[in-house]
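Observations on the three-dimensional arrangement
Here is what each chain is made of, one letter per residue.
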There are 2 protein chains.
Amino acid sequence: MNEQWLNDIKWDQDGLIPAIAQESETGKVLMMAWMNRESLSLSVKEGRAIYWSRSRNKLWRKGEESGHVQLIRDIRLDCDNDVILLSVEQKGGIACHTGRHNCFFKQLQDDKWVETEAVIKDPADIYK
Amino acid sequence: MNEQWLNDIKWDQDGLIPAIAQESETGKVLMMAWMNRESLSLSVKEGRAIYWSRSRNKLWRKGEESGHVQLIRDIRLDCDNDVILLSVEQKGGIACHTGRHNCFFKQLQDDKWVETEAVIKDPADIYK
């Protein structure tokens, strides 16, 4: 495979790019994580979201433990070549490690972050 | 205003957080930019998206030149407290400086980025 498309990307000083995952069915923004060259290349090859975990410093095959895999439907790059937008099918309907549908469940209400989305599945049951 | 909600955020080593702007009406992801403490605080106070321009190293009142202001409808924070999701009303229907509706107009097709979205307005006419 020609890898020019990977060279077109403006990787940051750590060799990473932010990747936003949006659910294809609902249009909801599920999460944002980071990718490096290898993880993006593998994501394309395998058709599923593979991120780079900055905390664990290794490839993170989304769903590898939980089964909550993200199948990739579409990959976009922004005007500045420094942000990726994935359209994904979220397996299990849960993207967040807290057991919620998506990671953006804290809503600013007046001057407080208020948790708004229900926990679909207890994390203790997801990661066992 | 109590600023605890700003302290709750996990700012990166540069004091920034990625902010995704999603169009409230269509659910489309318009762009991703960066905010610092001041720009997020001002965004809330003024009800419009104000980013921190890393290239110009100053506050960027989205739409200040183009008129393509983003009115904020909702602000979310993710599970890790390190990504912001804005739901916005995009004035003029153009978020991208290229004159397109949104910034994610390069689609990966086979091994190439292909431009897919129409230019609504010539940038020469936007920034004059």
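Residues numbered from 1 in each chain as written. Chains lettered and ligands numbered in written order. Predicted model: local features only at pLDDT ≥ 70, side-chain atom pairs only at ≥ 80, totals over all residues.

**Focus on the relation of the copies chain A and chain B**
- With an RMSD of 0.0 Å, chain A superimposes on chain B once it is rotated by 180° and translated 0.0 Å along the axis. Taken together, the rotation and translation describe the operation of a two-fold axis. Taking C-alpha positions as reference, the residue of chain A nearest the rotation axis is Gly27 of chain A, located at 2.8 Å.
- Most of the interface of chain A is mirrored in chain B: 100% of its interface residues are interface residues there too. (Least-squares fit on C-alpha atoms with pLDDT ≥ 70 in both. Contact = placed C-beta atoms within 7 Å.)

**Quick word on helix α2 (residues 37-46) of chain B**
- If you check which residues of α2 of chain B are buried, you get Ser39, Leu40 and Ser43 of chain B. Seen along its axis, α2 of chain B keeps its buried residues to an arc of 100°; they face one direction. (Buried ≥ 20, exposed ≤ 12 C-beta atoms within 10 Å, placed from the backbone. Helix = DSSP H or I, 4+ residues; strand = E, 2+ residues; numbered from the N terminus. Arc of directions from axis to C-beta.)

**Points about helix α2 (residues 37-46) of chain A**
- On its buried face, α2 of chain A sits against α1 (4-7), β2 (29-36), β3 (50-53), β4 (58-61) and β5 (70-77) of chain A.
- Gly47 of chain A sits one or two residues past α2 of chain A and shows a positive phi near 70°.

**What to know about the nonpolar core**
- Counting 56 residues, the largest nonpolar core has Ala19, Ile20 and Ile84 of chain A together with Ala19, Ile20 and Ile84 of chain B as the members making the most contacts within it.
- Excluding residues within four positions of it along the chain, Ala19 of chain A makes contact with Met32, Ala33, Trp34, Met35, Tyr51, Ile84 and Leu86 of chain A. (Core = buried A, V, L, I, M, F, W, Y, C linked by C-beta atoms within 7 Å.)

**What about the environment of Ser39 of chain B?**
Residues and elements named next belong to chain B.
- By secondary structure assignment, the location of Ser39 is in helix α2.
- C-alpha separation for the pair Ser39 and Ser53, spaced 14 residues apart in sequence, amounts to 9.9 Å.
- Beyond its immediate sequence surroundings of up to four residues, Ser39 is in contact with Ile50, Tyr51, Trp52 and Leu59.

**Observations regarding the interface of chain A and chain B**
- The interface is formed by 30 residues belonging to chain A together with 30 residues belonging to chain B.
- Sorting elements by how many residues they give to the side of chain A that touches chain B places β5 of chain A first, with 4 residues.
- For the side of chain A that touches chain B, the class distribution of residues is 17 nonpolar, 6 polar and 7 charged. (Nonpolar A, V, L, I, M, F, W, Y, C, P; charged D, E, K, R; others polar.)

**Quick word on the sheet that holds strand β2 (residues 29-36) of chain B**
- As summarised here, the arrangement of the 6 strands in space is β8(A)-β7(A)-β5(B)-β6(B)-β1(B)-β2(B), forming an open sheet in which the pairing is mixed. Every other strand in the sheet has two partners, leaving β8 (112-115) of chain A together with β2 of chain B as the edge strands with one partner each. Taken over all neighbouring pairs, the strand axes of this sheet differ in orientation by 35° on average, direction set aside.
- As paired elements, strand β5 (residues 70-77) of chain B and strand β6 (residues 84-90) of chain B share 7 bridges and run antiparallel to each other. Of the residues in β6 of chain B, the one forming a bridge with Leu77 of chain B is Ile84 of chain B.
- Packed on one face of the sheet, α2 of chain B meets β2 and β5 of chain B and runs near 120° to β2 of chain B. (Pairing = 2+ DSSP bridges. Axes fitted to C-alpha atoms, helices over the stretch in contact; angles between N-to-C directions.)

**Quick notes on the pairing of strand β4 (residues 58-61) of chain B**
Residue and element names in this part refer to chain B.
- Looking at chain direction, strand β3 (residues 50-53) and β4 are connected through 4 bridges and run antiparallel. In the sheet register, Ser53 faces β4, and the bridge partner there is Lys58.
- Between β3 and β4, which pair antiparallel and follow one another directly, the connecting turn spans 4 residues, one of which, Asn57, has a positive phi of 55°.

**Here we look at the sheet that holds β5 of chain A**
- Spatially, β2(A)-β1(A)-β6(A)-β5(A)-β7(B)-β8(B) is the arrangement adopted by the 6 strands of the open sheet, whose pairing is mixed. What marks the edges here is a single partner per strand, and that holds for β2 of chain A together with β8 (112-115) of chain B. Averaged over all pairs of adjacent strands, the angle between strand axes in this sheet comes to 35°, irrespective of strand direction.
- Along the sheet face, α2 of chain A touches β2 and β5 of chain A and points at about 120° away from the line of β2 of chain A.

**Considerations on the confidence of the model for chain A**
- For chain A, per-residue confidence averages 96 on the pLDDT scale, and 99% of positions sit at 70 or higher.
- Here the prediction assigns the complex a pTM of 0.97, and the interface score ipTM is 0.97. (pLDDT = per-residue confidence, 0-100.)

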